[in-house]
Amino acid sequence: MDKLMDKMQEAAMYITSRIGSDPVHIGMVLGSGLGGLADELQDAVAISYKDIPYFPVSTVFGHKGKLVVGTLEGKRVMCMQGRFHYYEGYGMDQVVFPIQVMHALGINNLLVTNAAGGVNTSYKPGDLMLIVDHIKLIADSPMRGPNYDSLGERFFDMTNAYDKKLSALAREEAKRLGITLQEGVYMFFAGPSYETPAEIRAARILGSDAVGMSTVPEALAASHMRMKVLGISCITNMAAGILDQPLNHTEVMETGDRVKEAFTLLVRNVTKQWPV
Ligand SMILES: O=P(O)(O)O[C@@H]1C[C@H](O)[C@@H](CO)O1
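Residues numbered from 1 in each chain as written. Predicted model: local features only at pLDDT ≥ 70, side-chain atom pairs only at ≥ 80, totals over all residues. Heavy atoms only, no water.

1. Considering the packing of aromatic side chains
Okay, step 1: Scanning the model with the defined rule gives five aromatic pairs in all.
Okay, step 2: Ring centres 6.3 Å apart and planes at 80 degrees place the aromatic pair Phe-55 and Phe-84 in the edge-to-face group. Placement of the pair is Phe-55 in the loop between β2 (42-48) and β3 (66-72) and Phe-84 in the loop between β4 (75-81) and α2 (92-104), with a sequence separation of 29 residues. Here Phe-55 matches Phe-84 in class, with each residue buried.
Okay, step 3: Aromatic pair Phe-84 and Tyr-90: ring centres 5.7 Å apart, planes at 80 degrees, arrangement edge-to-face.
Okay, step 4: Through pairs of rings, three or more aromatic residues link up here, namely Tyr-49, Phe-55, Phe-84, Tyr-90 and Phe-97. (Phe/Tyr/Trp six-rings, centres within 6.5 Å; stacked < 30°, edge-to-face > 60°. Helix = DSSP H or I, 4+ residues; strand = E, 2+ residues; numbered from the N terminus. Buried < 20%, exposed > 50% of the residue type's maximum accessible area, 1.4 Å probe, protein only.)

Below is the structure:
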């Protein structure tokens, strides 16, 4: 079997056999240090990625490799407790396969979250950032190759990749809750090295506010399928060269842990109001 649609259906059927056929309203991809949110779901069913047909497995510390389905603030949500990254050696098509499976399960709303380095010098580690747009300069794309017309168009719009109404909702809820929510452009780097200081200066000149190694492939696949996307970054560190200190994944995870209360509060309240 090599057709994407067949693989999506097989994975979706397996997941349905584990979670039942009640609709799932929102898919959530939880970034480095942010996976704890999945532990808050009520009536949760957790499925290991290794049990789902054609799913890749997580290889990165802090990415548990589980799909957790349950209720959050009255909505049925599906959390990816761990995502797949291009630098792990997966093709872009494998990186976005879970998003396509969510779509096959009838999910049309997606929250993508990540840990990111702050490029905008007015940010500080621990800030949350609403992703209003993104930049990807590397040539590869998850939509490279034959187009599956039943999923989406060959040439698809990215003007509204990050849904304006959902962004407004996140902005309002952050304000109401007294949570600082920066807004900015996320720039995708392939990793796994962190960027050089010169790359960060270039990223700033190009108009980015934060850099990271994920999210953009998922946002592309979701936009292809016309899913509504909300993006939130956690600025876990200032990007390379801004502070006189080397970067490391331990710091990324620690900052994620430090902001988990504000992150969870914001996501809970946005979920409550999320129109489905
Ligand atoms: O999965 P995300 O984008 O949240 O993880 C970031 C990018 C790398 O995987 C890792 C680097 O520390 O954190």
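Text resumes after the structure shown.
2. A closer look at the confidence of the model for the protein chain
Okay, step 1: Per-residue confidence for the protein chain averages 96 on the pLDDT scale, and 99% of its residues sit at or above 70.
Okay, step 2: Taken together, the chains of this predicted complex give a pTM of 0.97 and an interface ipTM of 0.99. (pLDDT = per-residue confidence, 0-100.)

3. Some details on the site of the ligand
Okay, step 1: As a matter of local geometry, the ligand sits amid 13 residues, with His-85, Tyr-87, Tyr-194, Ser-214 and His-249 nearest to it.
Okay, step 2: Take Tyr-194: an N or O atom from its side chain is 2.6 Å from an oxygen atom of the ligand.
Okay, step 3: Across the complex, the protein chains shield 95% of the 340 Å² of accessible surface that the ligand would expose by itself.
Okay, step 4: Elements that contribute at least two residues to the shell around the ligand include exactly β5 (109-118) and α6 (249-258). (Near = heavy atom within 4 Å. Polar contact = N/O pair within 3.5 Å; in protein donor to acceptor, adjacent residues only side chain to side chain. Areas by Shrake-Rupley, 256 points an atom, 1.4 Å probe, with all protein chains shown as cover.)

4. What to know about helix α1 (residues 4-19)
Okay, step 1: The terminal C-alpha atoms of α1, which comprises 16 residues, lie 22 Å apart, in line with the 22 Å expected from a rise of 1.5 Å per residue.
Okay, step 2: Residues Leu-4, Met-8, Ala-11, Ala-12, Ile-15 and Ile-19 constitute the buried set of α1. The buried side chains of α1 occupy one side of the element, clustering within an arc of 100 degrees when seen end-on. Residues of α1 that are exposed and point more than 90 degrees away from the buried face comprise Met-13 and Ser-17.
Okay, step 3: The inward-facing, buried residues of α1 contact β2, β3, β4 and α2.
Okay, step 4: Looking one or two residues beyond α1, the residue adopting positive phi is Gly-20, at roughly 85 degrees. (Expected span 1.5 Å × (residues − 1). Arc of directions from axis to C-beta. Contact = heavy atoms within 4.5 Å.)

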